[in-house]
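Chain and residue survey
Spelled out, the chains give:
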Amino acid sequence: MMLFAGVDAGGTSTRVAVHTASGARAGYGTAGGGNPAAHGPAAAGEAIAAALRQAIHGLPPDSVTASVAGVAGSDDGFAAVLCRVWAEQGLTHSPRLVSDVDVAYAAGTHAPSGTLLLAGTGAAAARFTAREIDGVADGLGWLLGDEGGGFWIGRAGVRAAVRDLDRGSPGGPLVELVTRRFAVTGPPRRRADQIVRMAQADRMALAASAPLVGQAAELGDPLAREIVREAAERLVSSAVRVHRAGPVVLAGSVLTSEGPVRRAVLGLLGGQDPARAVRGVTCVVTARDAAGAASWLAALQRLGEDAAVRAHPRFTC
């Protein structure tokens, strides 16, 4: 039996999928964040190892003939960490390390050329030609870029709520949701100070607050609606910079989950506002399982183009 393994490791979670050559899923595992830039190489390696152990449990390790690991925040040095993890689990073929962008694109389409618009914790757009990245916009990290991504949205939402509390404003749904999320009490200024301290102690708490902005926008909060509008425009602006032709794949939790940001982005990509619409878009598709897509990329060279294209929906479902 020939098996293929794929890894999708991001800032908040890690997933590993194992598939047969037909695309049937043989194993799956999950663990915490596997982004070495966010968590450090050692912790990221441990998370990937934990998910890999689950995925190959009960399977013959030497049947895994090829693997692809899509890891956010990795560099060439992290390949050695993955090689060690694979060897420790009894896998004899070391994985090919690619970016999370590569597997996110493959999770949406088998087309060799097109554009990925990714908005999870971070955000980026990438143009693919012959399944190689040949143009990137943003993806500059939480501190200086990733505009329109989950961290950007969460930070904007928490910042707007804190500013309202600082002014002593009663606020609206956004302030209420942020106050509840951080479990703070007392007068407005005291709540603001508590939120600031917690955000400084754990910046990922800001990324985790992104869904609150969507919820508040749905409730009619004007601050949240403005953040949603700006996030969508920034994301589509990144796509405009790189797109030439082919499909646009939407990936990452911000764009694959139903909500106001996804709807606003689809509206812009669909040409509801012709002045900002992306030209040359043949279709807009939503990425499915990225770990399965990584497994498909591992199988691609072994199966050949035609067989791999036919199996793509089974790998990524």
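Fair warning: this is a prediction, and the values are worked out from it, not measured in the lab. (Residues numbered from 1 in each chain as written. Predicted model: local features only at pLDDT ≥ 70, side-chain atom pairs only at ≥ 80, totals over all residues. Heavy atoms only, no water.)

Concerning the UniProt feature "domain: ATPase BadF/BadG/BcrA/BcrD type" (unreviewed entry) in the protein chain
The condition that has to hold: UniProt positions are given in the numbering used here, feature names are shortened, and annotations may be inferred rather than shown by experiment. Put simply, DSSP H or I for four residues or longer makes a helix, DSSP E for two residues or longer makes a strand, and each gets a number counted from the N terminus.
Within this numbering scheme, the UniProt entry marks residues 6–261 as carrying the feature "domain: ATPase BadF/BadG/BcrA/BcrD type" (unreviewed entry). The span residues 6–261 carries 46% helix and 21% strand; its end-to-end C-alpha distance comes to 29 Å.

Concerning the side chain of His312
Condition: Any residue under 20% of the maximum accessible area for its type is buried, any over 50% is exposed, and the rest in between are partly exposed; the area is computed with a 1.4 Å probe on protein chains only. Any two residues having at least one pair of non-hydrogen atoms within 4.5 Å are treated as being in contact.
Take His312: it is sitting in helix H14 (residues 305–316). Since its relative accessible area comes to 6%, His312 is described here as buried. Among residues more than four places away in sequence, those in contact with His312 are Ala106, Gly108, Thr109, His110 and Trp296.

Re the environment of Val249
Looking at where Val249 falls in the secondary structure, it is placed in strand S9 (residues 246–251). With relative accessibility at 0%, the residue Val249 sits in the buried group. Taking the C-alpha atoms as reference, Val249 lies 8.7 Å from Ala106; in sequence the two are 143 residues apart. Discounting residues that sit within four places of it in the chain, Val249 has contacts with Ala104, Tyr105, Gly108, Thr109, Thr115, Leu116, Leu117, Val285 and Ala287.

Some points on the sheet that holds S9
What counts, and what does not: Two strands make a pair as long as DSSP finds a minimum of two bridges between them. Note on method: axes are straight lines fitted to C-alpha atoms, helices fitted across the in-contact stretch only, with angles between N-to-C directions ranging 0 to 180 degrees.
Judged by pairing direction, the sheet is mixed, and its five strands sit side by side in the order S8-S7-S6-S9-S10 without closing on themselves. Every interior strand has two partners, whereas the edge strands, strand S8 (132–138) and strand S10 (281–286), have only one. Across the sheet, the mean angle from the axis of one strand to that of its neighbour is 20°, orientation sign disregarded. As defined by bridge partners, S9 adjoins S10 across four bridges and the pair is classed as parallel. Across the sheet, residue Val248 finds its bridge partner in S10, namely Val284. Together, strand S6 (114–119), strand S7 (123–129) and S8 form the strand contacts of helix H10 (residues 222–242), whose direction differs from that of S8 by roughly 140°.

Section: the packing of aromatic side chains
Given two aromatic rings, their pairing is described by the distance between the two centres and the angle made by the two planes. This is how the line gets drawn: Think of it this way: a Phe, Tyr or Trp ring, Trp meaning its six-membered ring, pairs with another when their centres are within 6.5 Å, and the plane angle makes it stacked under 30 degrees, edge-to-face over 60, tilted otherwise.
Scanning the model with the defined rule gives two aromatic pairs in all. Between the aromatic rings of Tyr105 and Phe128, the centroid separation amounts to 4.3 Å while the plane-to-plane angle is 10°, which identifies the pairing as stacked. Taken together, the positions of Tyr105 in helix H4 (residues 100–106) and Phe128 in strand S7 put the pair 23 residues apart, joining distant regions of the chain. A relative accessible area of 3% places Tyr105 in the buried class.

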